[in-house]
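# Summary of structural features
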Amino acid sequence: MPSSTLTVIVSAGQSRNPEKRELEQAVVDGLSGLAQVNVLRIPHLYDLAKDGETFQTLRQLEGELVLITWMYTRAAHWILDRNGVRGQFGLVELEQDFDDDSEQDADSDQDEQQSERVTATYPRPSRSIYTLDFRASSEAREFVDEVLRISTLGGNVPSTPNPSAPLTLEMLQRFDSPTNDTYVGSPSAQTEAPSVLSTLFGTSSVASIEEHPARRWYPVIDFSRCTNCMECIDFCLFGVYGIDSVETIVVEQADNCRKGCPACSRVCPQNAIIFPQHKTPAIAGAPVDAGGLKIDLSKLFGAPDDGEDAAAAAVRERDEQLVLAGREAVGTSTGISERLAAGRAQAQPPDQLDDLLDQLDSLDL
């Protein structure tokens, strides 16, 4: 095993289900006995505020990280990313089983190659972040074994000091909230990190951050899929999305999002918008082949009503939220791209005019 220290972040679930709590505790207990492994317990990752105590601490953690949480791993990775904890996807072996029955059309690979992803333009730092879903196993031993495997991969993880003083809230509050580009390798991270890490774990290999966030609902953008097409910002009428200084789409006002509404994810052509708490796996961040989206969006996204395509479901959901907010429903008159309009036109059943045009086309005139 390398002589470096690996930090494992254990994120609590939202519910107080005793079985979930027991699994979390069993994993922490198993990890606490491992040499060169530190365990940091935090509240549910999705609910945390960017400028809160937890993310201020996580942004100071150097080296490779393991995150274990009650969310799909893709969702968890991009929640960390949007809050300034950035890195590459670390490959894990402990994963949930998924039935891959989505169809793939012949042109999808070519389309994906032609569309540049945001991460290609703005690459992340080279360190790896390994994300594990608690739902992958009910056995704590399997998570411990996976962390052991990751710890032997030999990443360049700096040793974490182990002084006697515990971390206090006052110590954390001395640091200003870092900007979005504060990650391992940046000058601010190099100068501030030792002061926080030197007091984080004290004499124990297990530390906890007590923060009490309220439950939240907001979209998370998967920038490895996002092509910056801006369909989401055109479609959403609640001011959730914005554009940063280099004209990249961002979730600007997360708490403007309407609770329970996943409409913007249904109109995203690359399945790049995640709502981690949604009941439909594809929307919640499950690994889904983006090429299959072109074939049967309504099936993939689980449109609520029989025969309702994804675009129609999105329009209906948006109108429902507009009315609840005391505004006028807009239907398809606002924020519908040419792609969506063309797709909806193709989905409409043929009428008499369509039949007549088909008959004319069949004549060799």
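By convention here, each chain's residues receive numbers from 1 onward along its written sequence. Given that the model is predicted, a residue must reach a pLDDT of at least 70 before its local features are reported, and side-chain atom pairs must reach 80 or more before they are shown or counted; all residues, however, enter totals for whole chains, interfaces and linings. As a rule here, side-chain values cover all heavy atoms of the structure and leave hydrogens and water aside.

### Notes on helix 13 (residues 310-324)
Under the DSSP-based scheme used, a helix requires at least four consecutive residues in state H or I and a strand at least two consecutive residues in state E, with every element numbered from the N terminus. In this scheme, a helix's expected span is set at 1.5 Å multiplied by one less than its residue total. An ideal rise of 1.5 Å per residue puts 21 Å on 15 residues; helix 13 measures up with 21 Å between its terminal C-alpha atoms. Classification of residues uses two cut-offs on accessible area relative to the type maximum, computed with a 1.4 Å probe and protein chains only: under 20% is buried, over 50% is exposed, and between them is partly exposed. Counting buried residues along helix 13, 11 of its 15 residues qualify, which places the element largely inside the surrounding structure. Within helix 13, burial applies to A310, A311, A312, A313, A314, V315, E317, R318, D319, Q321 and L322. Residue D309 occupies the N-cap position of helix 13, its side-chain oxygen lying 3.1 Å from the main-chain nitrogen of A311. Residue G326 follows helix 13 closely and has a positive phi angle near 80 degrees. Here a polar contact is recorded for every N or O atom pair within 3.5 Å, except that within protein the pair must consist of a potential hydrogen donor and a potential acceptor, and residues adjacent in sequence are included only if both atoms are side-chain atoms.

### Section: the side chain of H77
Along the chain, H77 falls in helix 3 (residues 73-82). Contacts between residues were defined by any pair of non-hydrogen atoms, one from each residue, lying within 4.5 Å. Setting aside anything within four residues of it in sequence, one finds H77 in contact with G87, Q88, F89, I129 and T131.

### As for the nonpolar core
Residues enter a nonpolar core if they are buried and are Ala, Val, Leu, Ile, Met, Phe, Trp, Tyr or Cys, with the set joined through side-chain atoms within 4.5 Å. Residues L40, L45, L58 and Y241 are the most contacted members of the largest nonpolar core, which totals 48 residues. Listing elements by their share of this core, those giving two or more residues are strand 2 (37-42), helix 2 (53-58), strand 3 (65-69), helix 3, strand 7 (220-221), strand 9 (249-251) and strand 10 (273-274). No other element matches the 5 residues that helix 3 contributes to this core. Setting aside residues up to four positions removed in sequence, L45 forms contacts with S11, F55, L58, L67, M71, A76, I79 and L80. Core analysis: the next-biggest nonpolar cluster, separate from the first, contains 24 residues, V10, V28, I68 and F134 among them.

### Comments concerning the pairing of strand 3
Most of strand 3 sits inside the fold, with 5 of its 5 residues counted as buried. Where strand 1 (residues 6-11) meets strand 3, 4 bridges bridge the pair, whose relative direction is parallel. In the strand pairing of strand 3, T7 is matched with L65. Where strand 3 meets strand 5 (residues 128-133), 5 bridges bridge the pair, whose relative direction is parallel. Residue pairing in the sheet places L67 in a bridge with T131 of strand 5. Strand pairing is defined by DSSP finding a minimum of two bridges between the two strands.

### Considerations on the environment of E210
You can see E210 is positioned in the loop between strand 6 (206-208) and strand 7. Spatially, the C-alpha atom of E210 lies 7.0 Å from that of I42, the residues being 168 residues apart in sequence.

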